[in-house]
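# Architecture at a glance
These are the residues of each chain, in order.
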Amino acid sequence: MASWLGGLGSGLGQSLGQVGDSLSSLTGHISSFTKDILLEGAEEVGDAATELHVSNSRLREIESINAAQKFENDRLKKVCSDLEEKHEAAELQIKQLSIEYRNQLQQKEVEISHLKARQNALQEQLQKVQTAAQTAQLGAGVLPPATASASYVPGVRHSSGFEGDDMDFGDIIWSQQEINRLSNEVSRLESEVDHWKQIAVSSKVQGTNDAEQSEICKLQNIVKELKQNLSQEIDEHQHELSVLQDAHRQKLVEISRRHREELSEYEERIEELENRLQQDGVSTDAMDDSKITEQKKNAQSLQGGKVEELQLEDEIRELNHKLSSAKAENKNLLKEQELAKLEKIQLAQDYEKLKYEFSVLQRSVAGQDALVNEQEKLQSKISLPQDVVRLQQALSEAENEIARLSSLNQGLEKELTSVQHKHENILSSNTEDQNSELNQLRQDLERKEHELDESIAERETLVAELEELDKQNQEATQHMITLKEQLSKQHTEADSIIKQLKFDVDSERKKVSELEIEKMKIVKELDSQKEKLSQCSYALNDLHITKQQLQDNIKNLQEQLRKAQDCNSHSKKEIGELQQRLKEREEELHVSLSKLTEKSNEESNYACQDLILKEREEEIAKLQNDISENKQVNEHLEKSLSDLRTENGKLTATIEELKQELSDAVSEKNKVSLEKDTVVEALKMEKRQLESELNQTEKRLLEQAHKYKQTIEELSNARSMDTTALQLEHERLVKLHQEKDFKIAELKSSIEQMETDHQETKEMLTTSLGGQKQLTDLLKEKEVFIEKYKNEALQVKQELEEYMKVSKKQDVFKQNLEEKDRSLAVMKEENNHLKEEIERLKDQQSRSTPVVEPKTLDIIIELESEVTQLKMIKNNLEEEIEVHKKTIEDQNQTTVKLQQSLQEQRKEIDESRFQCEQMNVTHERLFLEKDEEIKNLQKTIEQIKTQLHKERQIIQTDSSDLFQETKVQTLNGENGNEKHDLSKAEIERLVKGIKEREMEIKLLNEKNISLSQQIDQLSKDEVGKLTQIIQEKDLEIQALNARVSSASYRQDVLGLQQQLQAYVREREQVLAVLSEKTRENSQIKAEYRKIMDIVAAKEAALVRLQEENQKLSTRSENSSQDMSRETIQNLSRIIREKDIEIDALSQKCQTLLTVLQTSSTGADNGPGGVNSNQFEELLQERDKLKQQVKKMEEWKQQVITTVQNMQHESAHLQEELHKLQAQISVESDSTSKLQVDYNGLIQSYEQNEKKLKSFSQELAQVQHSIGQLYNTKDLLLSKLDLVTPSVATASTVPQLSGVQYSPPEVLGDECKLLQNELEQLKKKLQEKESTIRTLQENNQRLSDSVATASEIERKSQEGTESEMRQIKEKHDVLQKSLREKDILIKSKSDQLLSVTENLSNKENENELLKQAVTNLKERNLILEMDIRKLKEENENIVARCREKETEFRALQETNMQFSMMLKEKEFESHSMKEKALAFEKLLKEKEQGKTGELNQLLNEVKSMQEKAVTFQQERDQVMVALKQKQMESSALQSEVQHLHEKEQRLNQELERLRNHLLEMEDSYTREALAAEDREVKLRKKVLILEEKLVSSSNAVENASHQASLQVESLQEQLNLVSKQRDETVMQLTISQDQVKQYALSLANLQMVLEQFQQEEKAMYSAELERHQKQSAEWKKKAENLEEKVVSLQESLEEANTALDAASRLTEQLDIKEEEIEELKKEGEIRREMLEDVQNKLMNLMNSTEGKVDKLLMRNLFIGHFHTPKNKRLEVLRLMGSILGIKKEELDQLLSEEQRGVTRWVTGWLGGGAGSKSVPSTPLRPTQQNIFNSSFSELFVKFLETESRPGLPPPKLSVHDMKPLGAAGTGKTSSTPSNSQMQDSAVSAVGRRPDANPFLAPRSAAVPLITPVSSSGHLLMKPISDALPTFTPLPVSPDASAGAVLKDLLKQ
């Protein structure tokens, strides 16, 4: 878009410039015309001649103007016609291109629709295949309903965007991309269809459940994928719609903006023209006409603009309509998508239903498979034509849509053409009207019309040009895209091929290395698995044992808990009983005291009373002691209970920990449901048992209640026995307490054992798991690293290539820029010159008078137009320069970036080099260390060599040329091949070694990382633990603070503050420990880094040793090869000597034969016969010798074969050696790893020791804090003890005072006080005990945590020690095996690798030389190619430079011409000025009448002008010549510079070539020297051969000479020959002996060889057997281990299940315990209720049995006396009925009463005096009239009055100061009040006769309102409303007293 807009802007600029030029020319003409008219008006002269002259001149001027205007008119017409033709051509081109683009669009859309249809079809096929597969699996012949994929119906995408305007480039790209995407989807769907077809076939064959499950999973995945695709497509549709809308809006905005701009431009031009016409003002009519025409034109142009606007609005409406239609289509598509989703959901439901039906049908339909298969085939046949029909329908729909789109497009095109035609018609009609109307000013109008036409044409051409540019741009971009795609494809293909090749090579190498590594890994894994299995078995056994122990412990604990609970309940019951007894005794005491007081009153024996009181006090003291002892026992029991609870909590915590750990270990939980059922049943059983136990306990409680009643009776009978019984009970309780302590200790020990066992098992499991995870992680990370590095290397290479290309391009750009800069500078200079000249001209024009000729004006206008053109050119050049500058800046930026990236790459390369160098250094060190080991082995090698030398010296025997040649050839060939193989093998070995080292380094790095992570984790864990401890302590402190705030005692506050301070100190200590831990952690990390450095150094040393070892091995091989070569050379020399001897003998034989032949021809007689016989014998001997020679040759061949066999065996042995070396390297790696592990374990051990120390410090601190807490506890207890005696002392004082005045009263008060104080002390004690318990629990928690931490550390240390021992043992074993294998391998490698080195070295040297020669040749060729390229580039550059120079020269010449023209114009202007002056002078002279002088002056002026012209011409010529000279000099200078540069380049090339020549000469000289050396050697060889030839020829001549001599003296020499024959026979025998000896030696050698081979074979076979046995053993062990693993897994599963069960049981136990605790609480509440009820019942029984309420009797008694004498009998009868006297007895008594009741009453009241003192109750006014009423009514009223509360009673003693029911104690007893009342009554009777004893103590004795805080015994409480005082019947408190009394009376 940016390029398109830029083109538009440039086109508009050009068109505007042209318009401006034409306007300037027009304005120039108008101005000249107006000036002429004005001059006409001014130049009216009187004379006729001057008028004629003036008119002629004017006529000429007008004619010239007319001609010029005609010329201009013609030119403008031609331009118009050209522009119209161009316009038509452009319109045609636009139409054709639009048609082509629309066709392309339609084709693309058709393709898209086809592809979508195909996609839909394929998807339907897929669905069908899926359904078919499902039906095949189901076995039912039901086809699923065919669902039309509505979401995939092809929608028209570009209907809205491309009707009004042409196709956009981005849309084309998008369409291509979509086509590619759809084609990819089609191919994918086809592959899926094939896959489903295969699945359908396989399902028909198999039809198993597993396949169904897998296919279901796949179908689900496919459904998910389709959903994702749907969502993606929806998103894409929406995105495309938004993009089209945006593009449409942008285009509309641009069109409207252009239209507005054009309108504004037209309006501006019209206004300018109007202004100019007004200024000219030739004639008003013309002006009016022109105005009218202009207005009409404006109106027409506005009308045309309105028409265009209307057309644009129509188009906008159409586009909006299309947009709305597109939106509607989009909505439809969305609806269809939703429908498709619903259909998918339905399909899924159908699928599930079908599944269910399949499960049902599977059982029923088993034997109908064949029929089902046939049905399926038929269905598939039926479904295919249906698919075809659907596809055809989809095609027809797509075609219909395409046709509709094409029709829409055509209609739009027609509308556009019609609009254009209308526009043209309107324009033409307007122009014709204008021509007809206005003929007067046709020229001006024509000009304006032309301008309008030109502007319209320009606009159309601009549009056409824009469209052409768009098309070109699109084509270019398409071309670029295609090129890019092709290039990218080629690039990707090449990359893929290269990657494949590299990958193949790497994979082959890796496979070789991996196979070896895997072999070693398998062995290691076997070992590790064995160890793991053994560990697992141990761990399992431990787990079983621990499980059993836990179960036993749990059972024991449960039993102990039950016993403890029973004991606790017993103790509680006993305590309750004791309390009851105490209360009863107190009551009895009160009763006895009252009796004693009565007796003392009666008898007045105070002495007896004192003794009794003392005895009672003693008894009370005893009882108090018993109570305190009971309290202590109770406290002990409570403490033991709290301890048991804490221990139980700990046990539960440990059990929970075990649960968590075991649940982590457990993986399979299939048998859980059965176990749960069993557990539930067991729990139900337990529940029933518990319920039964509860029932039994209730029964026991009832029995105990009965027993307690009996014991109470026994206690009442025998008080003296109580103390002994209490002591016995106390002893029993102490014994129980001791037994419980023993049990708790046993439980603690068992718990500790369980924890230790569990932690051991846990550690074993974690170690085994961690090892496996680390190995897998390491392997994965290595693979990832390798892939990353490969990718990075490829990327770096590509980037380097790109950077090289970019740098080359930059160089070219820089050169171009420099040239452009130079040209710019020149142009700027010329431009400056021109500007100066123009300024001069302007000055001259401004100075000159208005009288100017029209020619000069025309020339000036033309010059101005040319100047504007030059300005345009200059602007263009400046724009180009700016563009170039921008490109330069961009390139500079890119270069900077490239340099940065290059620097980064260099850094990376340097780092990699540095790493490589470090690796090399480490390898060298390793080799140096290995050297020492190899020196020891060299001695053994030398011994073996000596043995070999001895053996080889024996094998030096006679043989022929053939033997030597064949042996040397075979040896050379085989040695060469072996050398190659060996060199490759060594290289591969080195590569493998390096790779292994890299792998080790990576492994170590990864271990380092993992260890650091572990250390960090450990530190984090420790910190977390400490923080947890701190948080717990903070919580405890907060709790203590709360208690302090709630507590009301200062001593407690002080104690808690001390505890807080202690806790703060502990926290500070913990923080200090934390800081120490962090420091230790940092130290450990530093030590770890140091150790890693040491490990790296050791590895480097190892690598060096290996390298040195390899070097030594190569040296030893070289030395052994030299030795073998020497032996071979000796053998070959001996063979040559023997061959020479054989040749000599054969020559002798031949000469003898020739002699024999000659002798046989010469002499046929006797002596000749003898010679022939002798020669026959000689011939026979020769044959024998030949046979022997043949035998020797055969023997030689045998030797060769044996040697060859030996060589083959040596090759095999070498291969085995390599394998063994690889094994050794792997074992060394393993040893290094073990060492690293060992070091890590040592570090961890040290860390654990440090942790232990820190924990011991913490323990000490905790113990110190516990000691402080115990001290505080003792302080509190001592304070409590101080409090109790003070209370006792306080109570004694009031006792004494009470004894003096009223002893019974005092005793009661003291009892009350004691009870209150006791209760307060109990509360305090309970609070203190609760605080102590919490503190103890905290201490125990801390101690437990410390103990667990220490145990964990101890176990980890033990584990590490055991692992260290195992590692050491393994290390020793491996070292032993390594040493043995090293000895074996070195002995064999030294024997075998001592054969082939020198030959290979020489061959390598030859190859290197050849490679160097070829490399030099290639370099030469490359350099020559580079030189040619550079020459061609230089030539091109030179040609360009020349062209540019010619252009510059042409421009300079044109500039010169322009300057010349300017000067001529200046001269002309000067001449015109002079002429004007001259005319003025002439006119003046005419006026004066001096015509003659004028003529003379005119002539002088003319001559002067001619002279001036000649001078100017000469000056101009000189200037031109000067400028040409300057140009030539500048050209020459540039050429000189160019030549200098050429010279420099040539010099550089010369120097380079010289250097190259020198190098070549050096190489040639070296080669020549080598050739000369070779020639010298060859010449020497030739000379030697010539000498040999000469010697042989001399020998031949001598032999012939000797033969001739022998022919003469044969007969003489026959005897000598016979002698020689004998000697030869002798020699033969000797040689035969030697042969035999050699044969024997050979046989011995062969025997030795065979023995050696047999020994080696035996060795190898033994080793093989051993290895096989080992492998068999390993296999057996592996099988055993596998079996063990299986069994262990089973046992593990059982253990896991058992542990699960145990965990569940423990959980249920916890729940049950909680329930039991709740039930116990409820039981205790119920017991308390029961006890209260029983106590109440007992009290009621005791109080009611044999007792009558005193008040009742008193009131009855008083009522008896108050009643009238008539009705006193009724009162007595009532009293009798209450006392339970029978009626008969009552009647008797009443009959007797008349006689002696007065005496009884008086005697009872203590005589007559007493009766006087009894006061009469004051009568109320209401009572006066009630004497006549019955006694019962009066009695009821009396009771009602008495029941109302009156005034409070008088305070009796100091202890009764508190009000009734006060908050202090809230407990008052009825018995003491009663006693008080009695005492007061008695005292009143004795001392104060005035006081009324019946009214005063009522409210004190019987408080009618029960206090709220009544807690205690019923006997201690006041009588409430609920219990009436006169009968034991329970009455509701709401009932009135009157009603109660009425009931009583009824009874």
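These figures come from a predicted structure and were not determined experimentally.

## Topic: the overall build of the chain
When you go through the chain residue by residue, the secondary structure sums to 26 helices and 0 strands. The buried share of the chain, reckoned over its 1947 residues, is 29%. Sequence-distant contacts, at least 24 apart, represent 90% of the contacts inside the chain between residues at least 6 apart. For the chain, the exposed surface amounts to about 127,000 Å²; the carbon and sulfur share of it is 56%.

## Quick notes on the environment of N1739
Mapped onto the secondary structure, N1739 falls in helix α18 (residues 1610-1744). Separated by 1155 residues in sequence, N1739 and E584 have C-alpha atoms that sit 9.1 Å apart.

## Considering the packing of aromatic side chains
The final tally for this structure, using the stated rule, is 2 aromatic pairs. When the ring of F785 is compared with that of Y789, the centres are 6.4 Å apart and the planes differ by 20°; the resulting orientation is stacked. Highlighted residues: F785 and Y789, both in helix α10 (residues 722-847), separated by 4 residues, approximately one helical turn. In this structure F785 comes out as partly exposed when scored by relative accessible area, which is 33%. When the ring of F1757 is compared with that of F1761, the centres are 4.7 Å apart and the planes differ by 80°; the resulting orientation is edge-to-face. Here F1757 pairs with F1761, and both are found in helix α19 (residues 1750-1762), just 4 residues apart, close to one helical turn. Taking the relative accessible area as the measure of exposure, F1757 reaches 16% and is therefore buried. Between K1077 and the ring centre of F1255, over which it is positioned, the NZ or CZ distance is 4.9 Å. Lying over the aromatic face of W1674, K1677 brings its terminal NZ or CZ to 4.9 Å of the ring centre.

## Section: the confidence of the model for the chain
Here the chain shows a mean pLDDT of 78. Residues at 70 or above account for 78%. Low pLDDT, under 50, characterises residues 957-971; the predicted model gives this stretch 27 contacts beyond four residues in sequence or across chains. Across residues 1165-1170, where pLDDT falls below 50, the model places 1 contact with residues more than four positions away in sequence or in other chains.

## Side note on the nonpolar core
In this structure, L115, L122, L126 and W196 are the most contacted members of the largest nonpolar core, which totals 17 residues. Secondary-structure elements contributing two or more residues to this core are α2 (48-138), α3 (169-205) and α4 (209-280). With 7 residues, α3 is the largest single contributor of residues to this core. Apart from residues no more than four positions distant in its own chain, L126 is found in contact with L189, E192, V193 and W196. Of all hydrophobic cores here, the second largest spans 10 residues; its members include L1756, V1771, L1772 and F1831.

## A short note on the pattern of salt bridges
Inspection of every chain in the model, using the stated rule, returns 30 salt bridges. For E638, the salt bridge identified is with R1333, shortest N-O distance 3.9 Å. Linking E638 in helix α8 (residues 606-665) with R1333 in helix α15 (residues 1303-1392), this pair joins segments that are 695 residues apart in sequence. Overlapping salt bridges bring together E178, R181, E185 and E236 as one network.

## Examining a positive patch on the surface
A surface patch of like charges, here positive, comprises K1402, R1574, K1577, K1580 and K1581. Considering each element in turn, the positive patch owes the most residues, 4 residues, to helix α17 (residues 1491-1608). For K1577, the location among the structural elements is in helix α17. K1577 sits in the exposed class, given a relative accessible area of 54%.

## What to know about a negative patch on the surface
Where like charges cluster on the molecular surface, the negative patch consists of D82, E84, E85, E88, E424 and D453. Looking at the negative patch, the element that brings in the most residues is α2, giving 4 residues. You can see E85 is positioned in helix α2.

## Observations regarding the packing of α19 against helix α20 (residues 1768-1779)
At their nearest, the axes of α19 and α20 sit 9 Å apart, and the two run at 165° to each other. The pairing of α19 with α20 is recorded here as roughly antiparallel in orientation. Seen from above, α19 lies across α20 with left-handed handedness. Of the residues in α20, those in contact with L1752, M1753, L1756, H1760 and F1761 of α19 are R1768, V1771, L1772, L1774, M1775, I1778 and L1779. Within the contact of α19 with α20, the residues separate by chemical class into 10 nonpolar, 1 polar and 1 charged.

## Topic: a nonpolar patch on the surface
Taken together, the side chains of L339, L342 and I345 define a hydrophobic patch exposed on the protein surface, amounting to about 290 Å² of accessible area. Note on placement: L342 falls in helix α5 (residues 284-364).

## Observations regarding the environment of S1593
Structurally, S1593 can be placed in helix α17. A distance of 2.5 Å separates a polar side-chain atom of S1593 from the backbone oxygen of V1590.

Conventions adopted
- Residues numbered from 1 in each chain as written.
- Predicted model: local features only at pLDDT ≥ 70, side-chain atom pairs only at ≥ 80, totals over all residues.
- Heavy atoms only, no water.
- Helix = DSSP H or I, 4+ residues; strand = E, 2+ residues; numbered from the N terminus.
- Buried < 20%, exposed > 50% of the residue type's maximum accessible area, 1.4 Å probe, protein only.
- Contact = heavy atoms within 4.5 Å.
- Areas by Shrake-Rupley, 256 points an atom, 1.4 Å probe, with all protein chains shown as cover.
- Phe/Tyr/Trp six-rings, centres within 6.5 Å; stacked < 30°, edge-to-face > 60°.
- Lys NZ or Arg CZ within 6 Å of the ring centre and 35° of its normal.
- pLDDT = per-residue confidence, 0-100.
- Core = buried A, V, L, I, M, F, W, Y, C linked by side-chain atoms within 4.5 Å.
- Salt bridge = Lys/Arg side-chain N within 4 Å of Asp/Glu carboxyl O.
- Patch = residues over 30% accessible without salt bridge, like charges linked within 9 Å, V, L, I, M, F, W, Y side chains within 5 Å.
- Lys, Arg positive; Asp, Glu negative; His and termini not counted.
- Charge placed at Lys NZ, Arg CZ, Asp CG, Glu CD.
- Axes fitted to C-alpha atoms, helices over the stretch in contact; angles between N-to-C directions.
- Parallel < 35°, antiparallel > 145°, perpendicular 65-115°, else oblique.
- Left-handed = near helix turned anticlockwise from the far one by under 90°.
- Nonpolar A, V, L, I, M, F, W, Y, C, P; charged D, E, K, R; others polar.
- Polar contact = N/O pair within 3.5 Å; in protein donor to acceptor, adjacent residues only side chain to side chain.

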